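Below, each chain spelled out in residue letters.
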Amino acid sequence: MTAMSPESKPVSPTVARQNQALLAGLPFSDTQDFEDATRGLLGKRVPNAIKNADGTVVWDNDTYDFLNGDAPDTANPSLWRQSALNAIQGLFEVVPGIYQVRGFDLSNVTFIEGETGVLVLDPLVTQETAAAALALYREHRGERPVTGVLYTHPHVDHFGGVRGVTTQEDVDAGRLPVIAPAHFTEHAVSENVYAGTAMSRRSAYMFGAALARGPRGALGTGLAQTVATGDITLIAPTLEITETGQSETVDGVRMVFQMAPGTEAPAEFLVYFPDRKALCAAEDATHTLHNLLTLRGALVRDPHAWSNYLTETLDLFGAEAEVVFASHHWPTWGNARVVTFLSEQRDLYAYLHDQCLRLINKGWTGIEIAEELTLPPVLEHAWHARGYYGSVSHNLKAIYQRYMGWYDGNPAHLWQHPPVEQGKRYVHLGGGADAVVDKARAAFEEGDFRWSAELLSHVVFAQADHARARELLADTFEQLGYGAENGVWRNIYLSGATELREGTFGTPTVTASADVLSALTPEMLFDAVAIQINGPRAWEEKLAIDVVLTDTRRRYRLRLANGALTYSAAPQSGDADATLTTTTRALQALAAGGFAAEALAEAGIEVTGDASAVSRLTRVLDPGDPDFSIVTP
């Protein structure tokens, strides 16, 4: 999307002044990042619109060409600068033998040349963008076969394009290894399936996938631009890295691994290439403050472990590394600059963690800490520590949540009304919906957009069809977006405005693809089904179903009782109501189709015993809604 919404409004004087003030407060004369982001360019893809087999465009970096020139008043100039850097696309030489394609998806893909072919590190989100990146590499570096694949961690932008660079047949035949940190598959699958529907829906806001691109629309996420919308694939690892210091050589390429679980991902490694003195920092040191709690939803990450791992990185590789590159952004060259960069990234997470806990122990709440705590001057003025993707504000709230949970200790907050009931009461307190909207309009005109948004959200949840409230709330979100330095915050605010004006846009990118679902173990599949049980509907239902897997000779007993589906692989007494006989691979088909009769038949799963037991289980399944409301009741 490139056209602006016809309802888009000009910037308010308050936000325009705020954005102008930032120009004077940050070192915009420092152009080192632009020199680094363009260094080693070998060639671009022109035009850079990538299509799938049906001819649908799944990625078009050219839609960000508007980022040339100075920031308009509808964009935070710091975010505009970061987005302009992220939009630089092409094939770049990191050092001789290591090359990156940037600007083809949310992440970078790195090619490491070996004796006979090339290793592919983090093959983007979709097979279409990964294939296009490999084609650009081969255009400039020759038709080298892929001799290895590495996933640094289990987020979809680091494995989803794997079938664009290799095939399951080549991997099964042993022609190349797929290397990943221990527990990669478990986390890759569980994150995208268990709460996958909700995460994907919220990701639509976070990544601005449905937003128009332009000075009043999407600029990018701060981490990169946005997510490609092609086919997400997965090939399971064949070699897991389990400990720091583990060394592997593939196609003559020596690699030393550092484990960093619980940092940016629950399973993650950094990779050092000693023959090139090049360090891949995965996603633990990038040119932004990263997320401790990604706003799409996830487990809160550990900033204390994160900072400690970066200290270990410096201890292990800091003395000799001449370049550090990552799965996002651009590299940093020169040992002194590498050490400074890694040290400041380390100090960033350590400072937030330690200062947050200091204030927690003084009785401060998460929202109070987030409002008052600022970074020290060196970090505040380091471009790579700015909050383009994570933010100081929401990361401090995440640290509070990690240690203290959702409750802030105030009894008044222990049992609050839900949003609709709160809205009704606030509207009554304010003298009725129209009066509250008038007060919100006054706050809007005064530039107090945070208060305007809170007032109007109460009205919308109390009276969802109140046209003036919806219109002004959309305008308010838009102004908050115009002023946001954080790319994700801008996308979220503008997505909220878009849905208030035009209706919901659903979930443009679904990460629980067929390949991801096919990687579910039987136990994970049963967990995924259990999550879909409508408890109240199943209160009176009681049944037992056996699942027999002929290829592994495993037998499971599924039980539904008291609204909960549980399972066991231990020998069971008594007969099951029904038995499903199948293979592990065929069983995985149920992840998409559930236990409906047609899904069982299509997968070739044999049902014996009382087939109605399976139907009764199907009737109490309640799948997620990929179009659930966010800014309205």
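What counts, and at which threshold
- Residues numbered from 1 in each chain as written.
- Predicted model: local features only at pLDDT ≥ 70, side-chain atom pairs only at ≥ 80, totals over all residues.
- Heavy atoms only, no water.
- Helix = DSSP H or I, 4+ residues; strand = E, 2+ residues; numbered from the N terminus.
- Rg over C-alpha atoms; globule rule 2.2 N^0.38 Å.
- Buried < 20%, exposed > 50% of the residue type's maximum accessible area, 1.4 Å probe, protein only.
- Areas by Shrake-Rupley, 256 points an atom, 1.4 Å probe, with all protein chains shown as cover.
- Lys, Arg positive; Asp, Glu negative; His and termini not counted.
- Charge placed at Lys NZ, Arg CZ, Asp CG, Glu CD.
- Contact = heavy atoms within 4.5 Å.
- Expected span 1.5 Å × (residues − 1).
- Pairing = 2+ DSSP bridges.
- Axes fitted to C-alpha atoms, helices over the stretch in contact; angles between N-to-C directions.
- pLDDT = per-residue confidence, 0-100.
- Phe/Tyr/Trp six-rings, centres within 6.5 Å; stacked < 30°, edge-to-face > 60°.
- Lys NZ or Arg CZ within 6 Å of the ring centre and 35° of its normal.
- Patch = residues over 30% accessible without salt bridge, like charges linked within 9 Å, V, L, I, M, F, W, Y side chains within 5 Å.
- Salt bridge = Lys/Arg side-chain N within 4 Å of Asp/Glu carboxyl O.
- 1 Å grid on protein atoms, 1.4 Å probe; cavity = no way out; pocket = protein on both sides within 12 Å on 5 of 7 lines; lining within 4 Å.
- Points joined across faces, edges and corners; volume = space filled by probe spheres on them.
- Nonpolar A, V, L, I, M, F, W, Y, C, P; charged D, E, K, R; others polar.

Q: Break down the overall build of the protein for me, citing the residues and quoting the values.
A: Broken down by element type, the protein carries 23 helices and 21 strands. In summary, the protein has a C-alpha radius of gyration of 26 Å against a globular reference of 26 Å for 633 residues, a match within 12%. Its C-alpha atoms give the protein principal-axis dimensions of about 75 × 70 × 55 Å. Counting over 633 residues, the protein shows a buried share of 56%. For the protein, the accessible surface area stands at approximately 25700 Å², while carbon and sulfur atoms represent 52% of it. Across the protein, the 48 positively charged side chains and the 78 negatively charged ones have centroids separated by 2 Å.

Q: I'd like to hear about unusual backbone geometry, residue by residue, with values.
A: It is generally the case that most residues other than glycine have a negative phi and that most peptide bonds are trans. In this structure, P47 follows V46 across a cis peptide bond, with omega equal to -10°. By secondary structure assignment, the location of P47 is in the loop between β1 (41-43) and β2 (49-51). At D122, a residue that is not glycine, the phi angle is positive and equals roughly 60°. By the secondary structure assignment, D122 is in the loop between β7 (118-121) and α4 (127-141). Here K277, not a glycine, exhibits a phi torsion of approximately 50°, which is positive. Counting through the fold element by element, K277 comes out in the loop between β13 (269-273) and β14 (278-280).

Q: Can you lay out the environment of G222 for me, pointing to particular residues and giving the numbers?
A: Mapping G222 onto the fold places it in the loop between α7 (196-206) and β10 (239-241). Once the C-alpha coordinates of G222 and A49 are considered, the two residues, 173 residues apart in sequence, prove to be 21 Å apart. If we ignore the near neighbours within four places in the chain, the residues touching G222 are Q82, N86, H329, Y388, Y389 and G487.

Q: How would you explain helix α12 (residues 392-404) if you had to name every residue and give the values?
A: The end-to-end C-alpha separation of α12 is 18 Å, in line with the 18 Å expected for 13 residues at 1.5 Å each. Every buried residue of α12 is accounted for by V392, S393, H394, N395, L396, A398, I399 and Y400. One or two steps after α12, the chain reaches G405, where phi turns positive at roughly 80°.

Q: Explain the sheet that holds strand β18 (residues 554-561) to me, using residue names and the numbers behind them.
A: The strand order β19-β18-β17-β20-β21 describes an open sheet built from five strands, whose pairing is mixed. If you trace the sheet from one side to the other, it starts and ends with β19 (564-568) and β21 (606-609), each paired once. Neighbouring strand axes in the sheet, compared pairwise and without regard to direction, differ in orientation by 20° on average. The sheet contact formed by strand β17 (residues 543-549) and strand β20 (residues 578-582) spans five bridges and is parallel. For L549, the partnering residue across the bridge sits in β20 and is T582. Together, β17, β18, β19, β20 and β21 form the strand contacts of helix α23 (residues 611-619), whose direction differs from that of β17 by roughly 105°.

Q: Residue-level account of the confidence of the model for the protein, with values.
A: Per-residue confidence for the protein averages 95 on the pLDDT scale, and 99% of its residues sit at or above 70. Helix α21 (residues 590-593) is the least confidently modelled element of the protein, averaging 69 in pLDDT, while β14 averages 99, the highest of any element.

Q: Tell me about the packing of aromatic side chains, and please be specific about residues and values.
A: For the coordinates displayed, the defined rule picks out 18 aromatic pairs. One aromatic cluster is present, formed by Y64, F66 and W80 through successive ring pairs. Sitting above the plane of the F92 ring, R102 keeps its charged end 4.0 Å from the centroid.

Q: Please give an account of the pairing of strand β4 (residues 90-95) that cites residues and values.
A: Counted residue by residue, β4 has five buried out of six residues, so it is predominantly covered. Taken together, the two bridges between β1 and β4 define a ladder with antiparallel strand orientation. Note that in β4 the partner of G43 across the bridge is L91. Pairing analysis gives five bridges linking β4 to strand β5 (residues 98-102), with the strands arranged antiparallel.

Q: Lay out the sheet that holds strand β6 (residues 109-113) in plain terms, naming residues and giving numbers.
A: With mixed pairing, the eight strands of this open sheet are ordered in space as β1-β4-β5-β6-β7-β8-β9-β10. Whereas interior strands pair on both sides, the edge strands pair on one side only; in this sheet they are β1 and β10. The sheet shows a mean angle of 25° between the axes of neighbouring strands, taken without regard to direction. Where strand β9 (residues 178-181) and β10 come together, three bridges link them in parallel fashion. The residue bridging P181 from the neighbouring strand is I241, located in β10. Along the sheet face, α4 touches β1, β4, β5, β6, β7 and β8 (146-150) and points at about 35° away from the line of β6.

Q: So, a nonpolar patch on the surface: which residues are in play, and what are the values?
A: Among the surface-exposed residues, W406, L414 and W415 lie close enough to one another that they form a single nonpolar patch of about 520 Å² accessible area. Turning to its location among the elements, W406 is positioned in the loop between α12 and α13 (419-429).

Q: Break down empty space enclosed by the protein for me, citing the residues and quoting the values.
A: Applying the stated rule across the entire model yields two cavities of 30 Å³ or more. Computed from the structure, the largest cavity encloses a volume of approximately 350 Å³. In terms of lining residues, the largest cavity is bounded by 26 residues, among which V156, S203, F207, R296 and T511 are the most central. Elements supplying a minimum of two residues to the lining of the largest cavity: α6 (184-193) and α7. Among the elements that take part in the lining of the largest cavity, α7 stands out by supplying four residues, more than any other. In terms of residue class, the lining of the largest cavity is built from ten nonpolar, ten polar and six charged. In this structure, the second largest cavity occupies an estimated 140 Å³ of space. Every residue lining the second largest cavity is counted, 18 residues in all, and those nearest its centre are N86, R102, G103, N108 and H329.

Q: Residue-level account of the pattern of salt bridges, with values.
A: Enumeration according to the criterion identifies 26 salt bridges in this entry. R81 is the partner of D33 in a salt bridge, and the nearest nitrogen-oxygen pair spans 3.1 Å. Remark: R81 occurs in helix α3 (residues 77-86) and D33 occurs in helix α2 (residues 32-38); sequence separation between them is 48 residues. R81 shares its class with D33; the two are buried. The partner of R346 in a salt bridge is D347, with the nearest N and O atoms 2.6 Å apart. Each of the salt bridges in this network shares a partner with another, and the network as a whole consists of K9, D475, E478 and R501.

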